Amino acid sequence: MKPDPTKPDPLPRQLAGKLQSPAKLQSPGERQSPGERRSLGERQSLGELRSIGKLQQACHPERAKRAEGPAVSPHHHRTGCPTSRTWDVGFFAKHPTSSLWDLAKTAGCPILCADVAQRVGIHQSEYPKPSLWDRAPKASKLSGQTKRTEEPIPFLEGYGLQPVRKTPARKRALAPDRTGCPTSRTWDVGFFAGHPTSRLWDMAKTALLALALLILFTMAAQAQTPKVVILKLDDTIQPISEEYLTRGLAQGEVTHASAVLIELNTPGGLLDTTRSMVAKILASPVPVIVYIAPSGSRAGSAGFFLLEAADIAAMAPGTNAGASHPVIEGGQLDPIMKQKLENDTTAFMRSFVSRRNRNVDAAQDAILNSKSYTVDEAQKLNLLDAVAPTVTDLLNQIDGRTLHRFDGTTVTLHTRNAARIELNPTLREQILDRLMDPNLAVLILVLGGLLIYLEFNVPGTIIPGALGTLLLVTALFALNLLPVHYTSVMLLLAAFALLLLEAKFPSHGVLASVGIVALIFGTLTLVDGPIPELRVALLTAIACGLAFGLITVFLVRIAMLARKNKVMTGAGALVGTLGIAQETLAPRGQILIHGELWQAESPESIPAGEMVKVRAVSGLTLMVDRVPAITGPAN
């Protein structure tokens with residue numbers, strides 16, 4: 001079918017609209033500097049222009065007949081038809097990386113150019129080969145960005161050509177952050193042609209995805225793995241133990257642990273601290289397991305309360321628990337007070353043992369009759385929930401058990417193969433725990449006092465005074481956490497006063513002896529603990545009392561003697577000094593003392609050359625007396 005010469009030719013206008021549209025040419029053109037565009041335009045040879053003329057004659061036969069002058073006019077190079085300069089640069093300049101060439105192919109021009117060139121006899125080498133962008137539709141499965149379909153171009157049917165145009169089924173911009181322009185050769189090479197950058201990018205994406213999945217799977221596995229917080233309480237029951245237990249229960253709540261396991265080995269402790277720890281165990285949101293271990297351990301006195309308060313009470317073979325009768329140190333209670341104390345303690349035990357469905361009578365027997373139970377006895381009397389030699393065996397035994405919590409809720413334990421979180425005491429807790437030993441607290445107190453004594457006797461050394469003050473304050477802090485007997489404190493103050501009086505009033509050691517005895521007895525009864533581990537040992541009291549008492553008497557006596565010595569500095573140092581009269585004192589004159597001339601005054605006349613003795617100092621005048629001459633025995 002031939003085109004109608006009377007109608008305007010649609011081909012240049014349609015192609016000009018596709019190729020010279022500012023919206024489509026602005027972005028590619030901006031990537032070419034003016035120097036680059038001029039360079040591409042200067043590459044047009046005469047052969048290329050002849051090929052352009054042939055193409056123009058094939059596409060516009062009627063216009064070619066009417067045209068005058070050269071086949072390719074300068075005006076056409078600026079218009080926007082296929083023979084314009086822009087088209088020449090993009091299509092015939094043999095610049096494979098030209099963005100206009102890619103844009104032209106995207107609009108369907110590559111097929112037109114190939115068919116027209118074949119008709120007019122232009123060799124294939126005279127126009128650039130299809131770029132890698134032609135393979136973009138084939139790589140749509142890899143890129144996942146575009147999907148192209150084929151549709152005919154209606155305005156080319158009149159020329160006997162049947163090209164097709166590849167159009168995107170859905171318009172979606174390619175990611176500009178990879179190449180900067182989806183039509184550039186860098187994009188072709190990097191994304192569709194397997195450029196190493198593309199492979200590294202794909203490898204990086206795969207690695208990041210694998211890492212993210214690994215982290216998610218690990219977090220999910222950790223969330224599903226049961227956890228058990230383990231505390232090791234091998235000490236007396238006192239405020240530092242309570243602090244350690246509180247921190248462990250909080251850790252179990254934060255980590256959503258299945259249980260908190262307390263390995264207990266204690267001789268007992270303070271009743272007030274025991275009550276507070278039992279209350280924290282009963283109110284814990286996490287099930288609590290108290291396990292008397294290892295073999296040879298015990299849960300005496302206060303430890304038995306903790307054992308029976310736990311959700312799971314367990315013991316290792318070879319352990320024992322019980323003997324929980326309350327003890328009051330420092331005196332005997334009358335029957336009424338004793339009965340009140342026992343009734344209060346047994347009621348406290350019954351309040352949680354009955355809720356744990358354990359033997360209330362056997363638990364009360366440990367208080368009223370101070371009974372202690374072995375593992376077999378405690379298991380027969382229904383005071384235990386499990387007997388296990390190791391922690392692993394215990395966790396496997398109680399796995400799957402349903403617990404009825406103290407608050408009425410029901411919890412199923414999942415402890416088999418649980419991750420163990422061992423919570424060790426902090427440095428602060430370790431230091432304070434050692435200071436809770438009454439023997440150590442008393443030793444630090446005595447040492448601090450002796451260092452302060454040394455500072456008073458040797459002023460200016462600073463170090464003994466500073467160190468002694470630090471030790472004294474530390475000892476007082478430790479004693480503040482212990483049950484101190486205040487009558488013993490008064491006894492210690494009285495002993496110190498007696499030691500000072502011994503230095504002031506010579507009593508031939510009587511006051512010092514009484515003071516040392518009072519010091520020993522006060523130190524021995526200073527800490528009113530219910531168990532021997534919370535009391536001052538007799539050997540410690542004797543050693544500290546004797547050492548502190550004797551050193552105090554010795555240092556105070558030295559200080560008193562030093563006050564009686566003659567003053568060796570100032571004007572007082574001249575009193576009692578001997579001198580020689582340099583002139584007659586009647587009653588004033590000069591005397592020589594230690595090579596110095598002093599004005600002197602005497603109540604009597606003293607001739608020059610006589611010995612004088614200073615008896616007082618009045619300002620800058622010395623009051624002197626005559627020294628009698630020593631006469632030898634007669635022959």
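Structure first, text after, so check above.
Residues numbered from 1 in each chain as written. Predicted model: local features only at pLDDT ≥ 70, side-chain atom pairs only at ≥ 80, totals over all residues. Heavy atoms only, no water.

A.B. asks: I tried to follow the pattern of salt bridges on my own but got confused; where do I start?
C.D. replies: Here the idea is simple: oppositely charged side chains can pair when their charged atoms come close. Evaluated as defined, the whole model comprises 14 salt bridges. For the salt bridge of Asp344 with Arg275, the shortest nitrogen-to-oxygen distance reads 2.5 Å. Of the two residues, Asp344 sits in helix H17 (residues 335–353) while Arg275 sits in helix H15 (residues 271–282), which places them 69 residues apart along the sequence. Asp311 is the salt-bridge partner of Arg356, the closest N and O atoms lying 3.1 Å from each other. Taken together, the residues span a long stretch of sequence, with Arg356 in the loop between H17 and helix H18 (360–368) and Asp311 in the loop between helix H16 (302–309) and strand S7 (312–315) at a distance of 45 residues. Accessibility classification places Arg356 together with Asp311 in one group, the buried group. The network of salt bridges with common partners includes Glu308, Arg358 and Asp385. (Salt bridge = Lys/Arg side-chain N within 4 Å of Asp/Glu carboxyl O. Helix = DSSP H or I, 4+ residues; strand = E, 2+ residues; numbered from the N terminus. Buried < 20%, exposed > 50% of the residue type's maximum accessible area, 1.4 Å probe, protein only.)

A.B. asks: Whenever I open this one, the nonpolar core confuses me. Can you help?
C.D. replies: It is characteristic of soluble globular proteins that their nonpolar side chains tend to be buried jointly. Core analysis: the largest hydrophobic core is formed by 44 residues, its most contacted members being Phe304, Leu307 and Phe352. Looking at which element gives the most residues to this core, the answer is H16, with six residues. Once residues within four sequence positions are removed from consideration, Leu307 is found in contact with Val290, Ile292, Ala313, Ala314, Met315, Ala321, Arg358 and Leu384. Counting residues in hydrophobic clusters, the runner-up holds 36 residues, among them Ile240, Ile520, Leu534 and Val536. (Core = buried A, V, L, I, M, F, W, Y, C linked by side-chain atoms within 4.5 Å. Contact = heavy atoms within 4.5 Å.)

A.B. asks: What exactly am I supposed to notice about helix H14 (residues 239–254) here?
C.D. replies: Given 3.6 residues to a turn, an α-helix orients residues that are three or four positions apart in the same direction. Helix length check: H14, at 16 residues, gives a terminal C-alpha distance of 23 Å against a target of 22 Å (1.5 Å per residue), a fit within 8%. Phi turns positive one or two residues past the end of H14, at His256, with a value near 55°. (Expected span 1.5 Å × (residues − 1).)

A.B. asks: Just checking my understanding: could you explain the sheet that holds S7 for this structure?
C.D. replies: Hydrogen bonding along the main chain pairs the strands of a sheet, whether they run parallel or antiparallel. Judged by pairing direction, the sheet is parallel, and its six strands sit side by side in the order S10-S7-S5-S4-S3-S13 without closing on themselves. Each edge of the open sheet carries a strand with a single partner, namely strand S10 (386–387) and strand S13 (419–423). As judged from the two bridges shared by S7 and S10, these two strands associate in the parallel manner. For Met315, the partnering residue across the bridge sits in S10 and is Val387. (Pairing = 2+ DSSP bridges.)

A.B. asks: Can you help me understand the sheet that holds strand S9 (residues 372–374) in this one?
C.D. replies: What the three strands build is an open sheet, ordered S6-S8-S9; its pairing is mixed. Here the strands that pair on one side only, and so sit at the sheet edges, are strand S6 (298–300) and S9. Averaged over all pairs of adjacent strands, the angle between strand axes in this sheet comes to 20°, irrespective of strand direction. (Axes fitted to C-alpha atoms, helices over the stretch in contact; angles between N-to-C directions.)

A.B. asks: Just to check I follow, could you spell out the packing of H15 against H17 for this structure?
C.D. replies: Two quantities define a packed helix pair, namely the angle between the axes and the distance from one axis to the other. Following both chains from N to C, one finds H15 and H17 inclined at 15°, their axes separated by 12 Å at the closest point. Comparing the axis directions of H15 and H17 gives the class roughly parallel. For H15 against H17, the interelement crossing comes out left-handed. Contact residues: H15 offers Leu271, Arg275, Val278 and Leu282, while H17 offers Asp344, Thr345, Phe348 and Phe352. (Parallel < 35°, antiparallel > 145°, perpendicular 65-115°, else oblique. Left-handed = near helix turned anticlockwise from the far one by under 90°.)

A.B. asks: Help me understand unusual backbone geometry in this model?
C.D. replies: Trans peptide bonds make up the majority, and among non-glycine residues the majority have a negative phi. Cis rather than trans, the peptide bond between Ala293 and Pro294 has omega equal to -5°. If you trace the backbone, Pro294 turns up in the loop between strand S5 (288–292) and S6. Cis geometry marks the peptide bond from Ala586 to Pro587, where omega comes out at -5°. Among the structural elements, Pro587 can be located in the loop between strand S14 (578–581) and strand S15 (588–593). Positive phi, normally seen in glycine, also occurs at Asn357, with a value near 60°. Here Asn357 shows up in the loop between H17 and H18. Within the chain, Ser370 stands out as a residue other than glycine whose phi angle is a positive 55°.

A.B. asks: Looking at this model, I keep getting lost on the packing of aromatic side chains. Mind explaining?
C.D. replies: Here a ring pair, both rings aromatic, is described through the centre-centre distance and the interplanar angle of the planes. For the coordinates displayed, the defined rule picks out five aromatic pairs. Ring centres of Phe348 and Phe352 lie 5.4 Å apart, and the angle between their planes is 75°; on these two criteria the pair is classed as edge-to-face. Taken together, the residues Phe348 and Phe352, both in helix H17 and four residues apart, mark about one turn of the helix. For the pair formed by Phe348 and Phe352, the shared burial category is buried. (Phe/Tyr/Trp six-rings, centres within 6.5 Å; stacked < 30°, edge-to-face > 60°.)

Limitation: the analysis is restricted to geometry and does not speak to function.
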